[in-house]
Amino acid sequence: MDATATGGSRELAEYLAMLKRRWWVVAAAAALGVALAAMLVVVMPKTYSAFTVVNVTPTTLDSGSQSGRQQDINLQTEAQRVRSYSVAERVARSLGSKATPGELSASVSVNVPNNSTVLYITVEAATADGARSRAHAFAQAYLDDRRDSATNILMSQMSALERQINSLSKQLRTMADKVQKNLVVSQMQVLNNKASDLRVQAANVSPGQIITDARLPSAPSDPTLTKYLPSGLVGGLLLGVVLAILLDRTDKRVRTAQDIERILDLPVLVDVPAKRGREGLGLLPARSRTGQSFHELSHVLTATLGHGNHVLLVTGAAPGRGGSIVAANLAAALARTGSDVLLICADLNSSVAGELLGLPEGPGLSEVLLGWAEAREVIRKNHGAPTLSAITVGANGELAAELLQREQMTKLIGSLREKYRFTVIEAPSTELGADAQALADLADAALMVVEIPLARYAQVRDGVRRIDRMGAAVMGAVVLPTQDDKMPTAPPRPSLPARTPPPLRERPSAPPAAPSKYQAIEEPPTVMDMVAVSDEDSPPRRGRRHRPEPLPPASTEDSVRTNETALPTGQDVSAASGRSAGRSGGRSRSAEAPRPAETARRTDGGHRAEAARPADSTRQAPTDNSADETAAHPKVTWT
């Protein structure tokens, strides 16, 4: 019984929500009904009505009774008699109307009040005078017809008595017996008395009287605003409700989170109210109501996935900004629990997630996929959550768009899975292509972001099916209103460097470390170094960076010749080191022991560079391999 009541209340709530969404349809239909009613009042021909009240009295027609009691009169029969053909003929003759008796009878209605001998005769006509004259004519014709009928009956009775009297008078002439004559005479006297009474009754027949005569109507009785406008309003509301239901059933767009659970059978994990997301969602505060919803989602995912490192995929059912917003907030919520979280912005056409986290522009996932940078070089920290890291889109998203479905992405996710408790992948919408499907093969679970009313049922259903085919479990849906371009972003704080590393020619020269404590290991050149060395005399290029052709490796004789040449300044030392690093780009980074000849040449070159460097340029070795030191000295890795 409780389940039935709950189901009924749920259906009622769904219908109320549907009417709330389609209120404009109901309002438009109601306004249309009122407008049509008003137009009918103006356009339709006017009809005037007048009524006459007649009091009916008993006659010999009423069961032959002369008591005058009410029950001797059948008023329902008298009401039908008012509309009879004979009465209508009398009205037509009295008014000289061209209307037929049938048309006149159709314009009459008779009302019989309870416990009375009164008839309300109402007549309708095209004009006020016509209505009044017809009402009076019908009442008078009814009374005349009733009088004539009673008189005719009395006259017929009188005729029968006169015939009897004439027959007795003839018999009286032929009779000789006095006794018989006296009997006939007495009979004739009785008949004459009855005939006299009938003559008196016929002269005094009273069928009734008009107690309220018809008056001239001041306004038409039909059509009227008081009768048509409410009818038009009610009819318009009913039509609007029917149209709203039909439109809602035929509409393929997702309107509420309940529709996703009811139609698609997909659990809704987070439902952001429409009024909350109307102005655009940003990085939600931890103590806000919607922020707490993402915290609950993070706890649900942690409890469901269990221990170990996991990869989560966040994708949208329809193209939009919702997937980026949900991915950033989910990563922040997971990071607030103390877990090491990495957000990978794999939607190369959107930089929303990086803007929400306040990360500056620079190299990112696109450069890693192109092979121009290592993953550790593009991982950035968020100033609000120490355990949250992110890999932004980068500056070459269009060039790397085709690499999301290749082996580079698989290797990248495999290497990052071992380092972070949760790796959140912000994937493009499943509607845009197979990128989300390819990334789902690398994930353990997925979340479907549904922006209402942007997404459609078919898009959500197809997206869930595509992800399920790749083996990633769709945990549920995150529902939020459609996000516009007016989205608040988190500006970078002063503690976070908001600039990319400068080109090689603008960097300070990297002095070699003291051989007693640290050992300098040469790294392969990056794309910035290649551009700086190969295009040293030209101004720095703007826009996307394209990978140049790598330089051929240097021979042993060139290395010896270079190291033996004395360099006058530190800048020349840096340039020479850059060229040497560019030539030895394919050399391994493993810390294996150098050969004796190479050790001698490096030591000799190091002493010469130390002699050419100023005395105050000595730098202490860092305590760890931090990001700041790597950005300032990309050519040296401190071990």
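Definitions and cut-offs
- Residues numbered from 1 in each chain as written.
- Predicted model: local features only at pLDDT ≥ 70, side-chain atom pairs only at ≥ 80, totals over all residues.
- Heavy atoms only, no water.
- Axes fitted to C-alpha atoms, helices over the stretch in contact; angles between N-to-C directions.
- Helix = DSSP H or I, 4+ residues; strand = E, 2+ residues; numbered from the N terminus.
- Parallel < 35°, antiparallel > 145°, perpendicular 65-115°, else oblique.
- Left-handed = near helix turned anticlockwise from the far one by under 90°.
- Nonpolar A, V, L, I, M, F, W, Y, C, P; charged D, E, K, R; others polar.
- Pairing = 2+ DSSP bridges.
- Contact = heavy atoms within 4.5 Å.
- Buried < 20%, exposed > 50% of the residue type's maximum accessible area, 1.4 Å probe, protein only.
- Expected span 1.5 Å × (residues − 1).
- Polar contact = N/O pair within 3.5 Å; in protein donor to acceptor, adjacent residues only side chain to side chain.
- pLDDT = per-residue confidence, 0-100.
- Core = buried A, V, L, I, M, F, W, Y, C linked by side-chain atoms within 4.5 Å.

The subject of this paragraph is the packing of helix 6 (residues 128–174) against helix 7 (residues 178–203). Where helix 6 meets helix 7, the closest approach of the two axes is 9 Å, and the angle between their N-to-C directions is 160°. It follows that helix 6 is roughly antiparallel to helix 7 by the angle criterion. Relative to helix 7, the crossing made by helix 6 is left-handed. Its residues assigned to classes, the contact of helix 6 with helix 7 comprises 14 nonpolar, 7 polar and 4 charged.

As a further point, take the sheet that holds strand 2 (residues 108–111). Whenever strands of a sheet pair, they do so through backbone hydrogen bonds, lying parallel or antiparallel. Pairing is antiparallel across the open sheet formed by 4 strands, whose spatial order is 2-3-1-4. Bordering the open sheet on either side are strand 2 and strand 4 (208–212), each of which pairs with just one other strand. Between one strand axis and the next, the sheet turns through 30° on average, direction left out of account. With 8 bridges joining them, strand 1 (residues 48–56) and strand 3 (residues 118–125) adopt antiparallel strand pairing. Across the sheet, the residue bridging to Ala50 is Val123, located in strand 3. Packed onto the sheet, helix 3 (residues 75–82) meets strand 1, strand 2 and strand 3 and runs at close to 25° relative to strand 3. On top of the sheet, helix 6 reaches strand 1, strand 2, strand 3 and strand 4; it is set at about 20° to strand 1, its chief contact.

For Ser298, the location among the structural elements is in helix 10 (residues 289–305). Classification of Ser298 by relative accessible area gives buried; the value is 0%. In this structure Ser298 touches Ala333, Leu334 and Thr337, once residues within four positions along its chain are discounted.

Another point: unusual backbone geometry. Following Asp222, the chain continues to Pro223 via a peptide bond in cis, the omega torsion being -5°. Inspection of the secondary structure puts Pro223 in the loop between strand 4 and helix 8 (225–250). Following Ile452, the chain continues into Pro453 via a peptide bond in cis, with omega recorded as 0°. Tracing the sequence through the fold places Pro453 in the loop between strand 11 (445–452) and helix 17 (457–469). Not every positive phi belongs to a glycine, and Asn115 is a case in point at roughly 55°. Relative to the elements of secondary structure, Asn115 occurs in the loop between strand 2 and strand 3.

The next thing to look at is helix 7. Given a rise of 1.5 Å per residue, 26 residues ought to cover 38 Å, and the 37 Å separating the end C-alpha atoms of helix 7 matches this to within 8%. All buried positions along helix 7 are accounted for by Val184, Met188, Leu191, Ala195, Leu198 and Ala202. Buried residues along helix 7 sit in contact with helix 6. By the N-cap criterion, in which a side-chain oxygen at the helix start approaches the backbone nitrogen of a residue two or three places on, helix 7 is capped by Asp177, the distance to Val179 being 3.3 Å.

The subject of this paragraph is the confidence of the model for the protein chain. Residues with a pLDDT of 70 or more make up 71% of the protein chain, whose mean pLDDT is 75. Throughout residues 63–71 the model reports pLDDT below 50, and contacts reaching past four residues in sequence, or to other chains, amount to 10 contacts.

Okay, the nonpolar core next. Residues Leu343, Leu365, Met409, Val450 and Val460 are the most contacted members of the largest nonpolar core, which totals 91 residues. At 10 residues, helix 11 (residues 322–336) tops the list of elements feeding residues into this core. Excluding anything up to four places from it in sequence, Leu343 contacts Ala327, Ala328, Ala331, Ala353, Leu357, Ser389, Ala390, Ile391 and Val424. Counting residues in hydrophobic clusters, the runner-up holds 29 residues, among them Ile73, Val87, Ala128 and Tyr142.

Two numbers describe how helix 2 (residues 23–43) lies on helix 8: the axes approach to 7 Å, and their chain directions differ by 150°. One element, helix 2, and the other, helix 8, form an angle in the roughly antiparallel class. As helix 2 runs across helix 8, the sense of the crossing is right-handed. For the contact of helix 2 with helix 8, the class distribution of residues is 19 nonpolar, 4 polar and no charged.

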